[in-house]
Each structure stands twice: as C-alpha cells, then as structure tokens.
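# A look at the structure
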Amino acid sequence: GIQVEQSPPDLILQEGANSTLRCNFSDSVNNLQWFHQNPWGQLINLFYIPSGTKQNGRLSATTVATERYSLLYISSSQTTDSGVYFCAVIYNTDKLIFGTGTRLQVFP
Amino acid sequence: ETGVTQSPTHLIKTRGQQVTLRCSSQSGHNTVSWYQQALGQGPQFIFQYYREEENGRGNFPPRFSGLQFPNYSSELNVNALELDDSALYLCASSLAKAHNEQFFGPGTRLTVL
C-alpha cells in the first residue's frame, strides 16, 4: 500500500519563527489534505490541495503531485499553532491514509 | 451550516462490553467515514458509509460494525471490547464519495478497562 511520511517528526519554535513541514507519498494520489490536531483531539481542516498552491492567512501549502510531495508553510508562528500536523491522502479508494505527523511546539 | 458532531465525548467501558458511538454529518453531506486513533498515532480508517451502505472497510475485525441512517447520521458499534480498543474515535463527513474533502467531528474518547 501507499506510504505517507512526514518530516520532521518534532519541531520546537519560538513565537514569530517560520517553519516548513513536508509530506512525502509513495504513489499518485487523488486527494491530499492537511490537518491540525489540537490538544483536545479535534482535527481542523487546513487545506484540501491535491495539486498546486493555496494560502490562508499565515499558512500556505504546495503540492507537487508529479514529484509526490506536499509542503505546509507556517509563518510568524504563534503559541496557538502548537499541536500535531497531519497530511492525509486518498489514492485509490475513499479512505484517508494519514501520515506519521509532525508535533509542533511554539514557545513565547 | 452545522459541523460534524459526535456523542458521547468520553466513555469508559470494561473488557467484553459493547459500545455504540454516534455521529451527525455536516449539513448536506451524504458520506460518513469512521477512524480510530490510538495514542501517539495517526487515525486509521475503519469503514465508510455512502447512502446507508458500507463503501469500503479497513483492517478491522467484524466486531466493528456500523450503520448510516436516512438522515445521514451514523453509528459505530464495537462488540466484545478489548483493552486495545481504547482510542479516540473520529467520524468524518463528505459530499458524495469521489475523493472529496472530509470534515471531522471532535471525536469520542473510549477507555476500556
């Protein structure tokens, strides 16, 4: 089956710093989503981005489907950005296959 | 537009018991998927329902079963609970089944003692 790997596994930042999270997948995909999981477990949709680039405030994402990776950029990080970031893909069924996650901690 | 809701938020059961978790889809969505998230891991797909029929199943035993109702709400039933069933259970709704964006509920945290 498809493999979805994220890097780095852990990231510690000071407030105001920028960061880039990466998601690599081993096969062509039909859908890619980025989520932020808050400390209470809620998965918050960040981007639905099977290809191309999107921006939403301080966050932006780029998926290069032909090279099988996606990047999530966080600029001017805030303490509320802390949590786990997941990418998830759909490649031949309608189930989301989640990556390994990146745990982000932002300190004041 | 109402989002995905789940009930209950927390649940404690003992080994061997049965549990039913509930999910209400986002308004207008006709597809619901269930995921299990063990501590420290990413969510794992359990199954999906589309128009009241199962539309795909992950690597979970038959004691995990589900239902989808005409109003697109859904239930996840787990029989003969085991300690390893302790996890966060998430449901997600989407429009149709063609790779559309999925939106998640807040989850039900199940503890099996």
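The paragraphs below set out a description of the structure included in this document. Note that the coordinates shown come from a computational prediction; the quantities given were computed from them, not determined experimentally.

In this section: the overall build of chain B. Per the secondary structure count, chain B includes 0 helices and 11 strands. N-terminal to C-terminal, the α/β element order of chain B is β-β-β-β-β-β-β-β-β-β-β. Expected size for 113 residues packed as a compact globule is a radius of gyration near 13 Å; at 13 Å, chain B falls within 12% of this value. Projected onto its principal axes, the C-alpha coordinates of chain B cover approximately 40 × 25 × 25 Å. Burial statistics for chain B: of 113 residues in total, 49% are counted as buried. Intrachain contacts of chain B at a sequence separation of at least 6 include 54% that bridge at least 24 residues. Entry remark: accessible area of chain B is about 5400 Å², with carbon and sulfur atoms responsible for 49%. Between the averaged position of the 8 positive side-chain charges in chain B and that of its 9 negative side-chain charges there is a distance of 5 Å.

Here we take up the nonpolar core. The biggest cluster of nonpolar side chains holds 22 residues, and the ones touching the most others in it are Phe25(A), Trp34(A) and Leu72(A). Among the elements of the structure, strand S2 (10-14), strand S3 (19-25), strand S4 (31-37), strand S5 (43-48), strand S7 (59-64), strand S8 (69-74), strand S9 (83-90) and strand S11 (102-107) of chain A are those that each provide at least two residues to this core.

Now for the sheet that holds strand S8 (residues 74-78) of chain B. Residue and element names in this part refer to chain B. A sheet is described by the order of its strands in space; here 4 strands give the open sequence S1-S3-S8-S7, paired in antiparallel fashion. Unpaired on one side and paired on the other, strand S1 (5-7) and strand S7 (64-68) mark the two borders of the sheet. In this sheet, adjacent strand axes meet at a mean angle of 20° when their direction is disregarded. Examined bridge by bridge, S1 and strand S3 (residues 19-24) share 3 bridges and lie antiparallel to one another. Note on S3: the bridge partner recorded for Ser7 is Arg22.

With that settled, consider the interface of chain A and chain B. Counting residues at the interface gives 18 residues for chain A, matched by 21 residues for chain B. The tally of links from chain A across to chain B stands at 0 salt bridges. For the side of chain A that touches chain B, the element with the highest residue contribution is S4(A), accounting for 4 residues. Residue composition of the side of chain A that touches chain B, grouped by class: 8 nonpolar, 8 polar and 2 charged.

What follows concerns the pattern of salt bridges. Residues and elements named next belong to chain A. Tallying each qualifying case throughout the model produces 5 salt bridges over all chains. One salt bridge connects Arg58 with Asp81, and the closest N-O pair in it is separated by 2.9 Å. Within this pair, whereas Arg58 is found in the loop between strand S6 (52-56) and S7, its partner Asp81 is found in the loop between S8 and S9, the two being separated by 23 residues in sequence. Look at Arg58 and you get partly exposed, because its relative accessible area is 25%. Among the residues examined, Asp81 registers a relative accessible area of 6% and is labelled buried.

A word on the sheet that holds S3(A). Residue and element names in this part refer to chain A. Read from one edge of the open sheet, 5 strands run S1-S3-S8-S7-S6, paired in antiparallel fashion. The outermost strands of the open sheet, each flanked by one partner alone, are strand S1 (4-7) and S6. Recorded for the sheet is a direction-independent mean angle of 15° between the axes of neighbouring strands. Both S6 and S7 contribute to a ladder of 5 bridges, which runs antiparallel. Note on S7: the bridge partner recorded for Thr53 is Thr62.

Counted by the stated rule, this structure contains 9 aromatic pairs over all chains. Ring geometry for Phe35(A) and Phe104(B): centres 5.3 Å apart, planes at 90°, overall edge-to-face. Taken together, the positions of Phe35(A) in strand S4 and Phe104(B) in strand S10 (residues 103-104) put the pair across two chains. Ring pairs connect the aromatic residues Phe35(A), Phe86(A), Phe98(A), Tyr35(B), Phe45(B) and Phe104(B), which therefore count as one cluster. The residue whose ring lies beneath Arg22(A) is Tyr69(A), and the NZ or CZ to ring-centre distance is 4.2 Å.

Rules and cut-offs
- Residues numbered from 1 in each chain as written.
- Chains lettered and ligands numbered in written order.
- Predicted model: local features only at pLDDT ≥ 70, side-chain atom pairs only at ≥ 80, totals over all residues.
- Heavy atoms only, no water.
- Helix = DSSP H or I, 4+ residues; strand = E, 2+ residues; numbered from the N terminus.
- Rg over C-alpha atoms; globule rule 2.2 N^0.38 Å.
- Buried < 20%, exposed > 50% of the residue type's maximum accessible area, 1.4 Å probe, protein only.
- Contact = heavy atoms within 4.5 Å.
- Areas by Shrake-Rupley, 256 points an atom, 1.4 Å probe, with all protein chains shown as cover.
- Lys, Arg positive; Asp, Glu negative; His and termini not counted.
- Charge placed at Lys NZ, Arg CZ, Asp CG, Glu CD.
- Core = buried A, V, L, I, M, F, W, Y, C linked by side-chain atoms within 4.5 Å.
- Pairing = 2+ DSSP bridges.
- Axes fitted to C-alpha atoms, helices over the stretch in contact; angles between N-to-C directions.
- Salt bridge = Lys/Arg side-chain N within 4 Å of Asp/Glu carboxyl O.
- Nonpolar A, V, L, I, M, F, W, Y, C, P; charged D, E, K, R; others polar.
- Phe/Tyr/Trp six-rings, centres within 6.5 Å; stacked < 30°, edge-to-face > 60°.
- Lys NZ or Arg CZ within 6 Å of the ring centre and 35° of its normal.

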